[in-house]
Amino acid sequence: MNSNIKQQILNAVDRRFDEQTDFLAELTRHASTRGNEQEAQHFVDTELRARGYATDLWEIDIDQIAGLPGFSPVIDNYDEALNLVATHRGNSQKGKSLILNGHIDVVPVGPLDMWHRPPFEPYIEDNWMFGRGAGDMKAGLTANLYALDALREAGFMPASDLYFQSVVEEECTGNGALACLQRGYRAEAALIPEPFNEKLVTAQIGVIWLQVHLRGIPVHVLEAGSGANAIEAILPLIAALKELEKSWNADELKHSLYQHVDHPLNLNIGRIEGGDWPSSVPAWCCFDVRMAIYPGQEIDAARAEIESCIHRAASGDGFLQKNPPQIVYHGFLAEGYALAEHDKPEARLAVKTLEQAHQQVTGDQLQSFAVTATTDARFFGLYADTPTLVYGPEARAIHGFNECVNLESMRRVTQTIALFIGQWCGLDKYIKQ
């Protein structure tokens, strides 16, 4: 791809950037929390079909993916859990095929009074767009789409097959990406523009979610000593899990790509529910646990160690000895993935191609890092042997209040993705279908 074509593509992104910003705002207005993604998916589907893409919009069938590697158990039903894939078929096939993946689901907003403005009414201040999901990761989805638009604007289209994916469930299971694999969407590389400040993710941790259920003995608080408080009973269990977290973060156990990270594996007690009445000793309690594991760490062995930790702590309590906690898995059972260890020539070539595109846009060398979160990259990397690049715009407060994304960063990422597509897939002259 010569310098003149590259400049045409970069200019095309610039010409359409106001439209791209408006598109991101409209997409952010759709409150696509878990179970409510349908309107957002239909919006994106309409936009893709208007551009002439063949789209596949389908409801995920749990029975079809439950037996596949990487599946995570679910508690909530999957009625109307819609996945979306648009397909572009290359003409000359002179390049390599590509998946552009992103997730449409966003995390809950929390107390509304802790936001400066309503979370699904996006606004711009100092070149940052605010709103739930603007950063994580609707800006990335938008960058994928408008990178393709820029190629057309410049008179080109990918020479090889390309799949644009908008998936659900990334924030809690990843089963949306898994359903894409089950449906047969495969390519020689994948790119996911998660909001990691224009850096390439070389490794990501795995994540295990579980719930711990406890039952107490309810009595009137006037005779509290004769009952058993299920809420207070969780305290030694959480303390034990914190000790396990500490031991897993010991230097001698660290994965090589995380040696420089002070505390790569984070435990989080994300939610606690329990009790029924202030003057009754609580008869029940449930708390949700998130624990991280390293790439390559055996997930079943990690689960066994977590369970052993909980049951050992319970055995030291007279009541819990007779009423042991029940452990229920729901959500993430996610292995870690390390692009840096992906032993395939396409992995090195994909990284080199992205490095070149990033430098052409920014003038800087592409930085990389090992992230202490998980993404859908694991599905393509581990279960389809597809090198997966995670690289996206700068964002702040993702999963927090007043989430926002830097619009100039989104512009640069869009330009980088467009150049990457051109180099990776090759370019043919655009022919309107």
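Preceding block: the structure.
Calculation criteria
Residues numbered from 1 in each chain as written. Predicted model: local features only at pLDDT ≥ 70, side-chain atom pairs only at ≥ 80, totals over all residues. Heavy atoms only, no water. Helix = DSSP H or I, 4+ residues; strand = E, 2+ residues; numbered from the N terminus. Rg over C-alpha atoms; globule rule 2.2 N^0.38 Å. Buried < 20%, exposed > 50% of the residue type's maximum accessible area, 1.4 Å probe, protein only. Expected span 1.5 Å × (residues − 1). Arc of directions from axis to C-beta. Contact = heavy atoms within 4.5 Å. Pairing = 2+ DSSP bridges. Axes fitted to C-alpha atoms, helices over the stretch in contact; angles between N-to-C directions. Core = buried A, V, L, I, M, F, W, Y, C linked by side-chain atoms within 4.5 Å.

Draft legend 1. Broad picture of the overall build of the chain. Secondary structure assignment for the chain yields twelve helices and 19 strands. Taking 433 residues into account, the globule formula puts the C-alpha radius of gyration at 22 Å, and the chain, at 23 Å, falls close to it. Seen through its C-alpha atoms, the chain measures out along the principal axes to roughly 80 × 45 × 40 Å. For the chain, buried positions account for 57% of its 433 residues.

Draft legend 2. Region of interest: helix H7 (residues 234–248). Over its 15 residues, H7 runs 21 Å from end to end, which matches the ideal 21 Å to within 8%, given 1.5 Å per residue. Those residues of H7 lying buried are Ile-234, Leu-237, Ile-238, Ala-240, Leu-241, Leu-244, Glu-245 and Trp-248. Buried residues of H7, viewed axially, fall in a sector of 160 degrees; they line one side. Seen from the buried face of H7, the exposed residues on the opposite side, beyond 90 degrees, are Leu-235, Glu-243 and Lys-246. Along its buried surface, H7 packs onto strand S10 (206–215), strand S11 (268–274), strand S12 (284–293), helix H8 (299–315) and helix H9 (318–322).

Draft legend 3. The sheet that holds strand S13 (residues 326–334), seen in detail. Spatially, S11-S12-S10-S13 is the arrangement adopted by the four strands of the open sheet, whose pairing is antiparallel. The sheet is open, and its two edges are formed by S11 and S13, each paired on a single side. Each strand of the sheet is rotated relative to its neighbour by a mean of 15 degrees, with strand direction disregarded. Sheet analysis places S10 next to S12, joined by ten bridges and oriented antiparallel. For Trp-209, the partnering residue across the bridge sits in S12 and is Arg-290. Its contacts with the sheet put H7 on S10, S11 and S12, and the angle it makes with S12 is roughly 0 degrees. Against the sheet, H8 contacts S10, S12 and S13, and its axis sits at roughly 150 degrees relative to S13.

Draft legend 4. Geometry of the nonpolar core. Grouped together as the largest cluster of nonpolar side chains are 81 residues, with contacts concentrated most on Leu-98, Leu-389 and Ile-421. Setting aside its immediate chain neighbours within four residues, Ile-421 contacts Leu-98, Leu-100, Ala-147, Leu-148, Leu-151, Pro-158, Leu-162 and Gly-426. Within the second largest apolar cluster, 41 residues are counted, among which are Ala-203, Ile-205, Leu-214 and Ile-238.

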